[in-house]
Amino acid sequence: MPWDRNQMAARAAEELEDGMYVNLGIGIPTLVANYVGDKDITLQSENGMLGMGPFPFEGEEDPDLINAGKQTITELSRTAYFDSAQSFGMIRGGKIAAAILGAMEVAENGDLANWMIPGKLVKGMGGAMDLVAGVGRVIVVMDHTNKHGDSKLLKACTLPLTGKGVVDRIITNLGVLDVVEGGLKIVECADGVTEDELRAATEATLV
Amino acid sequence: MNKIYPSAEAALDGLLRDDLLIAAGGFGLCGIPELLIDAIVASGVKNLTIASNNCGVDGFGLGKLLDTRQIKKMMSSYVGENDEFMRQYLSGELEIEFNPQGTLAERMRAGGCGIPGFYTKTGVGTVIAEGKEVKSWNGQDYILEEGIFADLSIVKAWKADDTGNLIFRKTARNFNPPAAMCGKVCVAEVEEIVPRGSLDPDLIHLPGIYVHRLIQGAHEKRIEQRTTRKREDA
């Protein structure tokens, strides 16, 4: 059985180490926060916050306290606030250990596409280009194939790039792969998924 | 030196004309200068270029200036929350210059610091890099991005003293300080103006040197995505 969304998030949480400052993207990456366990992880929200807490209780929403997805959130005892220039200063400056984010396509050379489909409505890249260019480690969490069953792990991206050669590790519903010299390397298969099944679902060169 | 004005309209008197480049603070609907936006709508000035991370939502925030067709061009990182924005963009009535969010913030900060350009690795190898100078340091490519020098800045803070020293609240700070810094003139709207000496000088987020005019007023502070958890989950 391939991993479901929560199992992918739990696997991604294993990438995080005690003491890390981490930025989580929207979607499955947001779920990673539920699986960090006892590890001392500080979440950054790029609109200007370190130490992002959970959603507020009903009736305690604060319009001055939102995350990068514009959702109401809470602060923690460790929280610090700052402006957008400083927020992206710490991102661009390599102070954030890792970003976990979703993707439409990843290429075998680490190219990432996740912000735009030509001919469709273009909403913008937000902070994604800054994050993938600046953080220490870029971990993509996504389904291995798209809704048509085509591989999202490609020899070359077909969509406009978010970053060139930026992805370090890919966690999909079928397993975990690293971007290495010459292509992608299988790190592990999801429980019950065979290496042959993972290979068959992957267009990118596997080394 | 009196920086305090009785209304948003009064604070913008003499500053507004067609074709301005305006830098606006705010992220989504959080920390946006609601009162100054309403006054710009009422003024009727048009062909505005606005540097702001987002463009409000339909009928609120900068979205109001879309409804009245006063915006010619947006410099933003994300504009996904607004149907009227998409309609005007797809019909060619509105231009958009997409900026990566951190590049937009740094362009504002740089402009405010007298820095006409800076190199960043954000966007290297993407459409954002097209037409921009590329320079290499230690084997890493960087692209040249330009500082933003706005004609006018409009920002929202929590508290000000009468000299314009500003304090923001939580994530409503966001783009407000860099937006304030990059304008020739900055007008700030706050929830409360207090006498000088009432704010701890060590806790000022933006010194009053960047703030030329001030107004105080009530803010709607609309929430874009109300997300909560149930108490039994705690």
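Scroll up a little and you will see the structure.
Everything numeric here is computed off the predicted structure, so don't read it as measured data.

### Focus on the overall build of chain A
Here comes step 1: Scanning chain A from terminus to terminus reveals five helices and twelve strands.
Here comes step 2: The C-alpha radius of gyration of chain A comes to 17 Å, within 12% of the 17 Å expected for a compact globule of 207 residues.
Here comes step 3: With the principal axes as the frame, chain A shows a C-alpha extent of 50 × 35 × 30 Å.
Here comes step 4: A buried classification covers 59% of the 207 residues belonging to chain A.
Here comes step 5: A sequence separation of at least 24 residues applies to 60% of the contacts in chain A between residues at least 6 apart.

### Considering empty space enclosed by the protein
Residues and elements named next belong to chain B.
Here comes step 1: Under the criterion given, the structure shown has five cavities of 30 Å³ or more.
Here comes step 2: In this structure, the largest cavity spans a volume of roughly 70 Å³.
Here comes step 3: What lines the largest cavity is a set of 14 residues, among which Gly28, Ile32, Ser52, Asn54 and Leu62 lie closest to the centre.

### Overview of the sheet that holds strand 6 (residues 134-137) of chain B
All names here are of chain B.
Here comes step 1: Pairing is antiparallel in the open sheet, where three strands are placed in the order 5-7-6. Across the chains shown, the open sheet's two edge strands, defined by having one partner strand only, are strand 5 (117-120) and strand 6. Each strand axis lies, on average, 35 degrees off the axis of its neighbour in the sheet, ignoring direction.
Here comes step 2: Note that strand 5 and strand 7 (residues 140-146) share four bridges and pair antiparallel. Bridge pairing links glycine 117 to glutamate 146 in strand 7.

### Comments concerning the sheet that holds strand 3 (residues 49-52) of chain A
Residue and element names in this part refer to chain A.
Here comes step 1: As summarised here, the arrangement of the nine strands in space is 4-3-2-1-5-8-10-11-12, forming an open sheet in which the pairing is mixed. In this open sheet, the two strands that pair with only one neighbour each are strand 4 (75-81) and strand 12 (183-189). Ignoring which end each strand starts from, the neighbouring axes of this sheet average 25 degrees apart.
Here comes step 2: Examined bridge by bridge, strand 2 (residues 42-45) and strand 3 share two bridges and lie antiparallel to one another. The partner of glutamine 44 across the bridge, within strand 3, is leucine 50.

### What about the packing of aromatic side chains?
Here comes step 1: Taken as a whole and judged by the stated rule, the model has three aromatic pairs over all chains.
Here comes step 2: Measuring from ring centre to ring centre gives 5.2 Å for B:Tyr119 and B:Trp137, while their planes differ by 70 degrees; the resulting arrangement is edge-to-face. Taken together, the residues span a long stretch of sequence, with B:Tyr119 in strand 5 and B:Trp137 in strand 6 at a distance of 18 residues.
Here comes step 3: Look at B:Trp137 and B:Tyr142: their rings are 5.5 Å apart centre to centre, the planes differ by 80 degrees, and that puts the pair in the edge-to-face class.
Here comes step 4: Taking the relative accessible area as the measure of exposure, B:Trp137 reaches 40% and is therefore partly exposed.
Here comes step 5: Every member of this aromatic cluster is reached through a ring pair, and the members are B:Tyr119, B:Trp137 and B:Tyr142.
Here comes step 6: Positioned above the aromatic ring of B:Phe27 is the side chain of A:Lys70, whose terminal nitrogen or guanidinium carbon lies 5.0 Å from the ring centre.
Here comes step 7: One residue, B:Arg229, lies across the ring of A:Phe57, its end atom 4.1 Å from the ring centre.

Here is what the cut-offs are and how they apply
- Residues numbered from 1 in each chain as written.
- Chains lettered and ligands numbered in written order.
- Predicted model: local features only at pLDDT ≥ 70, side-chain atom pairs only at ≥ 80, totals over all residues.
- Heavy atoms only, no water.
- Helix = DSSP H or I, 4+ residues; strand = E, 2+ residues; numbered from the N terminus.
- Rg over C-alpha atoms; globule rule 2.2 N^0.38 Å.
- Buried < 20%, exposed > 50% of the residue type's maximum accessible area, 1.4 Å probe, protein only.
- Contact = heavy atoms within 4.5 Å.
- 1 Å grid on protein atoms, 1.4 Å probe; cavity = no way out; pocket = protein on both sides within 12 Å on 5 of 7 lines; lining within 4 Å.
- Points joined across faces, edges and corners; volume = space filled by probe spheres on them.
- Pairing = 2+ DSSP bridges.
- Axes fitted to C-alpha atoms, helices over the stretch in contact; angles between N-to-C directions.
- Phe/Tyr/Trp six-rings, centres within 6.5 Å; stacked < 30°, edge-to-face > 60°.
- Lys NZ or Arg CZ within 6 Å of the ring centre and 35° of its normal.

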